[in-house]
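# Coordinates in review
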Amino acid sequence: MLTKILSRGGRASGYLAVRFLTGLGILAALPLGLLFCWLQPVRAGLVRLANSEWSQASRYLDLPAEPGGKSFKRSRWLLWMPLLMVPELFVAVFAVIGAPAALAGMVLWKLDPGNFTLLGIGIDSWFEALTLGPLQVLVSLGVLGWGAPAVARRHAQAVRNALAPGEAELLTQRVEELTRSRAGAVDSYGAELRRIERDLHDGTQAQLVSLAMRIGVAKQMMADDPEKAAKLLDDARDGAEQAMNELRGVLRTMYPPILADRGLAGAVSALCARCPLPVELRLGELGQVPAAVEAAAYFVVAESLTNITKHSAAGHVDVLMERRGPDLYLAITDDGIGGARISEQSDLLGRGSGLHGMLHRVEAIDGRLELQSPIGGPTTVEVVLPCGS
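Structure report, in brief. For every chain, the first residue of its written sequence is number 1, and the numbers climb from 1 along that sequence. Selection of residues for local features in this predicted model requires a pLDDT of at least 70, selection of side-chain atom pairs for listing and counting requires 80 or more, and totals for whole chains, interfaces and linings are taken over all residues. Derived side-chain values reflect all non-hydrogen atoms in the structure, with water molecules and hydrogen atoms excluded from consideration.

### Describing the overall build of the chain
To keep things clear, this is the line we draw: For the purposes of this entry, the term helix denotes a DSSP run of H or I that reaches at least four residues, the term strand denotes a run of E that reaches at least two, and both are numbered from the N terminus. Burial here depends on accessible area, computed with a 1.4 Å probe over protein chains only, as a share of the maximum for the residue type. Under 20% is buried, over 50% is exposed, and the range in between is partly exposed. Residue contacts follow a heavy-atom distance rule, with two residues in contact if any of their heavy atoms lie within 4.5 Å. Where accessible areas are quoted, they stem from the Shrake-Rupley method and a 1.4 Å probe; at the residue level, only the protein chains shown are allowed to cover.
When its secondary structure is counted, the chain shows 10 helices and seven strands. Across the 389 residues that make up the chain, the buried fraction comes to 37%. A sequence separation of at least 24 residues applies to 68% of the contacts in the chain between residues at least 6 apart. Total accessible area on the chain is roughly 22300 Å²; 63% of this is exposed by carbon and sulfur atoms.

In C-alpha cells:
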C-alpha cells in the first residue's frame, strides 16, 4: 500500500513540479513574448512548447501522444499556465515533504518552542507534537496518494482539452501525412518496378534469348547431326528450367507464394527458421488479415532479419506478431550494437536504406513504423498495420 502511494504520488508530484518550472519560464518570458509575438520564431517556439506540453500530458494519462498541431491560436492557452503554478506547486511540495517535516517537527520542536509548526499550528508542548504530528503525516500521505494524483490528472486533462488540435487542423495534418506517404509509396514502387524490369531484362530475358537461339540451331542441325541437335535441346531444357527459377524469384519479390500456401503465420515462421541467428517467435491470434497487409508484414520481417544478420552483430532476435483490435502489431527486437537510422542513403556500414524502404511500404497502406535503436542496443522496430476495410 505504502509503495503504491509513494509511486503514484511521486510521479504526480514530479509532473506538477515540472509544470511549475514551465509556468515560471513562461511568466519570465511573457513581457518579451508579448512585445515580439509578431515574429515567426517566437510563434513557432510557443507552438513547439504547446506540443511538448500536449505530449507530456498524454504520457502522464497513459494516452497515445499523437502528433501536435501547428496552430498559434491554440498554443496561446499556455499563457494561462502561470496562474496555476503556485497552488499546484504547494500541493506537490506538501505531498512530498509533509510527512518528513512532521516527523522532524515532532522530535525537534524543543529546540525552538513555538516556531516549529505542524498543520500551521505552533508547537509548545509534547501533547501538541504527538497529536498534530501523526495527523500531519496522515494528511500528507493522503495528499501524496490521492490529492496530488487528482490535481495532476486534472491538469493533464485540461492541457489536452485546451491544446487539442481542431478538426480543421487534424484534417490538414491528415492530408499532409497522406500526401507524403503516397508520394513516398509512388517513389518506392517506381524503384521496385525498375528493379523488376532490370531483373527481367538482365536475367530471364537473356535466358529466353539464349534458349531461342539454341532451339533454332538445333532445328537447323537436326537433319545433319541429330546427336549434337539433341545435346543442344538438352541444354535448352536446362536453360528453360533456369529461366523459370529466375522468373519465380522475381515473382516472389512481388507477392511471396508461401503467403498463399501457408498464410502469414506460416510464412513468418519459415523466415525465422531460415535466419542464421536464434529467433524467438511469439505469434498471437491474427484473425483475418488483408493480402496487402500480409505482404507488408512479411517483407518487414524479412528485411528486418536481413538487416540484423548483416549489420547488428546480434546474438538473439525476438519477433512478436499479434492482432491488437483492428490493427496488426509487429515488433522485431535484437540485442545488437544499435545505432540504426532511417535514411534514403546508406551509411558507411551500409545501413539505413532498407529501413527507408520498409517505412514507405508500411506508410503506403496507412501503417506506422517506429524505430528505437540507441547506441549499444537493443534495436526495436515496431509496426502497426491497419486491417480494417
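### Focus: the sheet that holds strand β6 (residues 368-372)
The condition is simple: Note on pairing: two strands pair once DSSP finds at least 2 bridges between them. Angles shown run from 0 to 180 degrees and are taken between the N-to-C directions of axes, each axis being a line fitted to C-alpha atoms and, for helices, limited to the stretch in contact.
Strand order in the open sheet made by the five strands is β3-β4-β5-β7-β6, with mixed pairing throughout. Looking at the sheet topology across the chains shown, the edges are occupied by β3 (279-283) and β6. Recorded for the sheet is a direction-independent mean angle of 10° between the axes of neighbouring strands. Where strand β4 (residues 317-324) and strand β5 (residues 327-334) come together, eight bridges link them in antiparallel fashion. Paired with R324 across the strands is D327, a residue of β5. Sitting on the sheet, helix α8 (residues 257-274) touches β3, β4 and β5, and the angle it makes with β3 is about 170°.

### Quick look at the nonpolar core
Stated formally: To qualify as a nonpolar core, a set must consist of buried Ala, Val, Leu, Ile, Met, Phe, Trp, Tyr and Cys residues joined through side-chain atoms within 4.5 Å.
Core analysis: the largest hydrophobic core is formed by 40 residues, its most contacted members being L264, Y298, L328, L330, V383 and L385. Of all the secondary-structure elements, those providing two or more residues to this core are α8, α9 (291-312), β4, β5, α10 (353-363) and β7 (379-386). If sequence neighbours within four positions are ignored, V383 has contacts with V300, L328, Y329, L330, V362, R368 and L369. By size, the runner-up hydrophobic cluster in this structure holds 23 residues, among which are Y60, M81, A95 and V159.

### Focus on the pattern of salt bridges
Heads up, the condition is: We define a salt bridge as a side-chain nitrogen of Lys or Arg found within 4 Å of a carboxyl oxygen belonging to Asp or Glu.
If you walk through the whole model with that rule in mind, you get four salt bridges. One salt bridge connects R324 with E322, and the closest N-O pair in it is separated by 2.8 Å.

### So, a nonpolar patch on the surface
Put simply, the rule is: Patch building starts from residues that exceed 30% relative accessible area and form no salt bridge, then joins like charges within 9 Å and nonpolar side chains (Val, Leu, Ile, Met, Phe, Trp, Tyr) within 5 Å.
Taken together, W77, W80, L83 and L84 make up a surface patch of nonpolar side chains, about 510 Å² in accessible area. Of note, W77 is situated in the loop between α3 (72-75) and α4 (82-108).

### With respect to the environment of T309
Note the threshold: Throughout this description, a polar contact denotes any pair of N or O atoms lying within 3.5 Å of each other; where both atoms belong to protein, one of them has to be capable of donating a hydrogen while the other can accept it, and for residues adjacent in sequence the pair is counted only when both atoms sit in side chains.
Examined against the element boundaries, T309 turns out to sit in helix α9. Judged by its relative accessible area of 37%, T309 is partly exposed. Excluding its chain neighbours within four sequence positions, the residues that come into contact with T309 are C275, P276 and L277. Engagement of the side chain of T309 in a polar contact is seen with the backbone oxygen of L305, the distance being 2.8 Å.

### Regarding unusual backbone geometry
With an omega of -5°, the peptide bond between G377 and P378 qualifies as cis. Looking at the element boundaries, P378 is found in the loop between β6 and β7. For A313, which is not glycine, the phi dihedral falls at a positive 55°. Along the chain, A313 falls in the loop between α9 and β4. Given a relative accessible area of 64%, A313 falls into the exposed group. Its identity as a non-glycine residue notwithstanding, D366 has a phi of 70°, on the positive side. Inspection of the secondary structure puts D366 in the loop between α10 and β6.

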